[in-house]
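Chain and residue survey
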Amino acid sequence: MKGSERQARTPTFCALCVSRCGATAVTVDGRFTALEPDPAHPTGRALCVKGKAAPAIVGHADRVLHPLRRTAPKGAEDPAWERISWDDAIDTVAARLSAIATTSGPESVVFAAASPSTSAISDSVDWIVRLRRAFGSPNFTCSMELCGWGRYLASMYTFGAPVPGAFMPDLERAGCILYWGYNPSVARLVHATATVDARRRGAKLVAIDPRRAGLASSADHWLRVRPGSDGALAIAIVGVLLERGFYDVEFVRRWTNAPLLVRADTGRLLRSEEAGGAEPGRYVAWDAVAARPVSYDPTTRSYGVDEARLALEGRYTVGGLECRPVLAELADHCREYTPDAAAEITGVPAADIARVAETLWTSRPVAFYTWSGLEQHSGTTQTIRAINVLYALLGCLDAPGGNVLFTPVPTNPVDGLDLLAPEQRAKAFGLDERPLGPARFEFTTGSDFYAAALDGRARALVNFGANLVVAQGDSARGRDALTQLDFAVHADTFLSPTADLADIVLPVATPFEVEALRIGFEVNQQAQSLVQLRRPVQPPRGEARSDLEIVFALAKRLGLGAQFWDGDIDAAWRHQLAPSGITLEQLRAQPAGIALPLKTVHRKHARIRDGIPAGFRTPSGKVELLSETLAEHGHPALPTFTEPAISPRSRPDLAVRYPLVLTCAKSVRFAESQHRQIATLRRATPDPQLELHPDAAAARAITAGDWVRIVTPNGAVRARARLNSTLDPGVVCGQHGWWQGCAELGLPGYPPYGPDSANLNLILRQEPSDPVSGSAPLRASLCEVERIDTQNAATARAAR
Ligand SMILES: Nc1nc2c(c(=O)[nH]1)N[C@H]1C(S)=C(S)[C@@H](COP(=O)(O)OP(=O)(O)OC[C@H]3O[C@@H](n4cnc5c(=O)[nH]c(N)nc54)[C@H](O)[C@@H]3O)O[C@H]1N2
Ligand SMILES: Nc1nc2c(c(=O)[nH]1)N[C@H]1C(S)=C(S)[C@@H](COP(=O)(O)OP(=O)(O)OC[C@H]3O[C@@H](n4cnc5c(=O)[nH]c(N)nc54)[C@H](O)[C@@H]3O)O[C@H]1N2
Ligand code: SF4
Ligand SMILES: [Mo]
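In this text the structure is predicted, and so the values were computed from the model without any measurement.

Here the amide bond leading from R364 into P365 is cis, since omega sits at 0°, within 30 degrees of zero. Considering the arrangement of structural elements, one finds P365 in the loop between α13 (350-362) and β17 (366-370). The phi angle at E522 is positive, at roughly 70°, despite the residue not being glycine. Summarising the element assignment, E522 is placed in the loop between β22 (516-519) and α20 (525-528). With phi around 55°, A701 is a residue other than glycine that occupies positive phi space.

So, in structure tokens, the structure goes:
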């Protein structure tokens, strides 16, 4: 470094993905040159290649630097962007949205955002939600049904709480770690490093994944499950746990609905009044000591007798009705999936199923995490239910070393829950079709949004980043839906196939150019206790602004200034921080952040207030092994496996022509559909990949590195073959998100639609989806793989 250059080092964190790794940013003469790990930060042990590439991302030539307006009609190959001023852009957006809300109702304006797991939208997503609610729209598309449903919302129907989304695995104390459809080595670096530490001190690791990827390669047990058959596997493990008495009787009796009696005739929980009792609303259990029924009052969470007396097995006649406890019903239900039967369905050997059940029991406490491998299926909700029931039996919830809700920093909520009127909430797209699904929580599935855009219920889109046409199945439907809208504004750091369908594009600053307030880093108590005001490392390039500034400016121009501190972001943050006792001034003076001395409180369900234990936020106040809520809406009350809608077993007719099961996984070098333009990242993975077993390749005369065509009933896309002998020969694994070129390396982009596409979602579909959530079958479908003949391959190479 020359003597005249000034180097500065700023404590920060990388916001490029869900890991949010603590870091030090290095600048030279005010220019961002390097990002380094910050071991003093609770998430700062390491950075991934994307984080290290941050300066290249910030400085990339393709950044959007100015507000843009399209001048060509939608559907034209080139939108012919024209530069406009911020004032013009915000005025136009506000005027169009207001007009559309007046004529078609605010619900016709759909808001969208990139997922907080793949982008820095986590800086501002609560404020985007606040804007949506203040505007009056219940419709928000944020990949919830593909990314967060199982972790956060499906688990509400078992635990009344987001497990493992918010009740995080306590990796520091776990005796056994269970990763199911989750590969933290790629997805969440802090979990990967903490898992390596845990294993060093003796924790066991169970990985359930069709591929032996990441930590699975050294796991104590790796179960190679057929994609989408996880539900059968989970039910089989539950069966073994129950059969061998591998469950926490005390927890199960006291904290789950296991003792409640189920009517043999209806399959529903017996109510006290049905058995001649005088207390409506109460459930019934069997007191095995007194040999008589007792009623359970969900409001006081009390049976009136010691829970230790409650029967968990047997058959009883109460008021003339034949009944048995939920646990007995569950045990019987699981018998359909003996390890042998499950082995047949899942491809996991029966002995391994039994061994995993034993490890889970003998190595408690168990901490678990599930993610994408289980989210994107036509049976996601029931699979998650089965795993949640499995987890409940182990009795580790909110116990040290289990899945724990670490104590958060006290703050004022800012997502504006009270700003949206109930009558507007009721207009959420998809609520009628799936009343228990994402719409109930104000999330709109991609498919519901497209349907509404295509039939005119949705008229406008306010999109903070989401690359919908590449992220959602059926990209061509996405294009058609977005083209139908009267108006769309897209805020982004880079252009994308989705931005190309907008009327106005707003330039967004990268997280390294703007201030942001992060309250809690989630993964353990130390991390969750930290508040950090991330400082800009360099000024925003061009005219780029933060999403937060855009939200506040737009709110003001829409006449919603009163709900947005009149556009004053500092004032809003002060309000948010008030209960913490930490001030903005303190945070600005201490860019490494301020930690509160918070302590974890375990087993919060057992805390007693006014003589009543807290319990769980479910209708019964207990963990619901049997869910009447699901049953009332026509879904199975006990976790039930249904074969993936498009699989060799459910569609043997299709499997004749498309014999391979197609799933997908993320790339360590790119976040979702981003970062292909960054040379340091693209160099090591220049082309879209398809992993397949050497035998499957040989049977098709495919060798490693060949260009192949992945063919589904919906079309074909290209990828390069990569051999992976850990796969079942009948399973292949693709990558979604390929569209961008990399000019620096002379590597091509791929059209999002059409014959030369490499966009996996072009040939996947949003339906048939999960009946509860609408989750799309992106991870279990059928395909054939063909070598692109030499001549075509040569053409493909020449085209680069
Ligand atoms: N087949 C298949 N499809 C999938 C998946 C899969 O595994 N397989 N995964 C699904 C999952 S889990 C998800 S989360 C979705 C992801 O879908 P998206 O949430 O759309 O995420 P990305 O594809 O990463 O695109 C993010 C976009 O946000 C922009 N961006 C990045 N940072 C910012 C920021 O700070 N502000 C703003 N305004 N924009 C920003 C990027 O430039 C990019 O255009 O895809 C889903 N689609
Ligand atoms: N480097 C990087 N990090 C990321 C992202 C990224 O794109 N790149 N994306 C971010 C986002 S938005 C998300 S949602 C997370 C996702 O993080 P993960 O969920 O870990 O992501 P994946 O690698 O897609 O899927 C995990 C595993 O599921 C397996 N799998 C596929 N199908 C099935 C199945 O049917 N059953 C089971 N049991 N397993 C299956 C895959 O083989 C894969 O190893 O990562 C976040 N972090
Ligand atoms: S894992 Fe990589 S991209 Fe994600 S926050 Fe950490 S350094 Fe950034
Ligand atoms: Mo995601």
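Continuing now.
Looking now at the packing of aromatic side chains. One pass over the full model with this rule turns up 22 aromatic pairs. With a centroid separation of 6.0 Å and an interplanar angle of 80°, the aromatic rings of W127 and W565 are classed as edge-to-face. You can see W127 sitting in helix α4 (residues 125-135) and its partner W565 sitting in the loop between α21 (547-557) and α22 (569-577), a full 438 residues away along the chain. The exposure class of W565 is partly exposed, given its relative accessible area of 25%. Ring geometry for F246 against W361: centres 6.1 Å apart, planes inclined by 15°, an arrangement best described as stacked. Taken as a pair, F246 in the loop between α9 (230-243) and α10 (249-255) and W361 in helix α13 lie far apart in primary sequence, 115 residues in all. Of the two residues examined, F246 and W361, each falls in the buried class. Three or more aromatic residues link up through ring pairs in this structure, and these residues are W127, F552, F564 and W565. Lying across the ring of Y753, R479 places its NZ or CZ 4.4 Å from the centre.

Once that is clear, we can look at helix α15 (residues 380-394). Taking 1.5 Å of rise per residue, the 15 residues of α15 would be expected to cover 21 Å, and the 22 Å separating its terminal C-alpha atoms lies within 8% of that figure. Burial analysis of α15 places 15 of its 15 residues in the buried class, which makes it a mostly covered element. The first or second residue beyond α15 is G395, which carries a positive phi of 70°.

Residues in close proximity to ligand 3 include C14, L16, C17, S19, R20, C21, L47, C48, K50, G51 and L189, which together make up its full environment. Of the pockets mapped on this structure, ligand 3 occupies the second largest cavity.

Let's shift gears to the pattern of salt bridges. A complete count under the given rule lists 59 salt bridges for this structure. Linking E513 and R63 is a salt bridge whose minimum nitrogen-to-oxygen distance equals 2.9 Å. Here the residue E513 occupies a position in the loop between β21 (504-507) and β22, and R63 occupies one in the loop between α2 (54-58) and β4 (68-70), the gap between them amounting to 450 residues. Classification of R63 by relative accessible area gives buried; the value is 5%. Because the salt bridges share partners, they merge into one network encompassing R132, R133, D415, R425 and E442.

Moving on, we get to the sheet that holds strand β7 (residues 140-141). The sheet built from seven strands is open, its strands ordered β5-β4-β21-β20-β19-β6-β7 with mixed pairing. Edge positions in the sheet fall to β5 (81-83) and β7, since each of these pairs with one other strand and no more. Strand direction decides the pairing type here: strand β6 (residues 109-113) and strand β19 (residues 460-464), joined by five bridges, are parallel. Residue pairing for β19: F111 is matched across the bridge by V462. Each of β19, β20 (487-492) and β21 touches α21; the most contacted strand, β19, lies at about 145° to it.

The calculated volume of the second largest pocket comes to roughly 460 Å³. E77, S496, P497, D500 and P752 are the residues nearest the centre of the second largest pocket, which is lined by 23 residues in total. Two domains share the lining of the second largest pocket, each providing at least three of its residues, namely domain 2 (68-144 + 412-595) and domain 4 (652-799).

Let us now look at the UniProt feature "domain: 4Fe-4S Mo/W bis-MGD-type" (unreviewed entry) in the chain. The UniProt record marks residues 7-62 with the feature "domain: 4Fe-4S Mo/W bis-MGD-type" (unreviewed entry), using the residue numbering of this structure. Helix makes up 16% of residues 7-62 and strand 38%. Its end C-alpha atoms lie 26 Å apart.

Not every one of the 31 residues close to ligand 1 is listed here, only the nearest: N467, A471, D492, S673 and R779. Contact between ligand 1 and S115: an oxygen atom at 2.8 Å from a main-chain N or O atom of the residue. Contact between ligand 1 and N467: an oxygen atom at 2.7 Å from a main-chain N or O atom of the residue. With the chains in place, 97% of the 910 Å² that ligand 1 exposes on its own is no longer accessible. Its residues placed into classes, the shell around ligand 1 shows 14 nonpolar, twelve polar and five charged. Composition of the shell around ligand 1 by domain shows at least three residues from each of domain 2 (68-144 + 412-595) and domain 4 (652-799).

The next subject is the domain arrangement of the chain. One can read the domain layout of the chain as domain 1 (7-59), domain 2 (68-144 + 412-595), domain 3 (149-245 + 334-404) and domain 4 (652-799). The C-alpha-based centres of domain 2 and domain 3 are spaced at 33 Å. Between domain 2 and domain 3, the contact holds eleven residues from the first and eleven residues from the second. Summed over both sides, the interface of domain 2 with domain 3 buries roughly 950 Å², with 61% coming from carbon and sulfur. Summed over the shared surface of domain 2 and domain 3, the result is one salt bridge. Between E522 and R188 there is a salt bridge whose closest N-O contact spans 2.7 Å. For the pair domain 2 and domain 3, the number of links is five residue pairs in polar contact (both at pLDDT 80 or more). Its residues placed into classes, the side of domain 2 that touches domain 3 shows six nonpolar, three polar and two charged.

Another aspect to go through is the nonpolar core. W180, I237, L327, L360 and L625 are the most contacted members of the largest nonpolar core, which totals 137 residues. Taken together, domain 2 (68-144 + 412-595) and domain 3 (149-245 + 334-404) each give at least three residues to this core, which thus spans both. W180 has contacts with I208, D230, L233, A234, I237, Y369, T370, W371, L374, I387 and L390, leaving out every residue within four places of it along the chain.

Our focus in this paragraph is the side chain of T663. Inspection of the secondary structure assignment puts T663 in strand β27 (residues 660-664). Those residues in contact with T663 that sit more than four places away from it in its chain are P227, V731, V732, C733, G734 and R779.

Of all ten residues that make up helix α17 (residues 446-455), seven are buried, and the element is covered over most of its length. Among the structural elements, β6, β7, α5 (144-153), β19, α18 (468-471) and α19 (475-484) are those in contact with the buried residues of α17. A positive phi of about 90° marks G456, the residue just after α17.

Assignment of secondary structure puts A120 in the loop between β6 and α4. On the basis of relative accessibility, which here comes to 15%, the residue A120 falls in the buried class. In sequence terms A120 and T411 are 291 residues apart; their C-alpha atoms lie 21 Å from each other.

Quick notes on the rules
- Residues numbered from 1 in each chain as written.
- Chains lettered and ligands numbered in written order.
- Predicted model: local features only at pLDDT ≥ 70, side-chain atom pairs only at ≥ 80, totals over all residues.
- Heavy atoms only, no water.
- Helix = DSSP H or I, 4+ residues; strand = E, 2+ residues; numbered from the N terminus.
- Phe/Tyr/Trp six-rings, centres within 6.5 Å; stacked < 30°, edge-to-face > 60°.
- Buried < 20%, exposed > 50% of the residue type's maximum accessible area, 1.4 Å probe, protein only.
- Lys NZ or Arg CZ within 6 Å of the ring centre and 35° of its normal.
- Expected span 1.5 Å × (residues − 1).
- Near = heavy atom within 4 Å.
- 1 Å grid on protein atoms, 1.4 Å probe; cavity = no way out; pocket = protein on both sides within 12 Å on 5 of 7 lines; lining within 4 Å.
- Sits in = over half its atoms within 2 Å of the grid points.
- Salt bridge = Lys/Arg side-chain N within 4 Å of Asp/Glu carboxyl O.
- Pairing = 2+ DSSP bridges.
- Contact = heavy atoms within 4.5 Å.
- Axes fitted to C-alpha atoms, helices over the stretch in contact; angles between N-to-C directions.
- Points joined across faces, edges and corners; volume = space filled by probe spheres on them.
- Domains from an automatic or database assignment.
- UniProt positions renumbered as here; feature names shortened; annotations may be inferred.
- Polar contact = N/O pair within 3.5 Å; in protein donor to acceptor, adjacent residues only side chain to side chain.
- Areas by Shrake-Rupley, 256 points an atom, 1.4 Å probe, with all protein chains shown as cover.
- Nonpolar A, V, L, I, M, F, W, Y, C, P; charged D, E, K, R; others polar.
- Buried area = accessible area lost by both parts, 1.4 Å probe.
- Core = buried A, V, L, I, M, F, W, Y, C linked by side-chain atoms within 4.5 Å.

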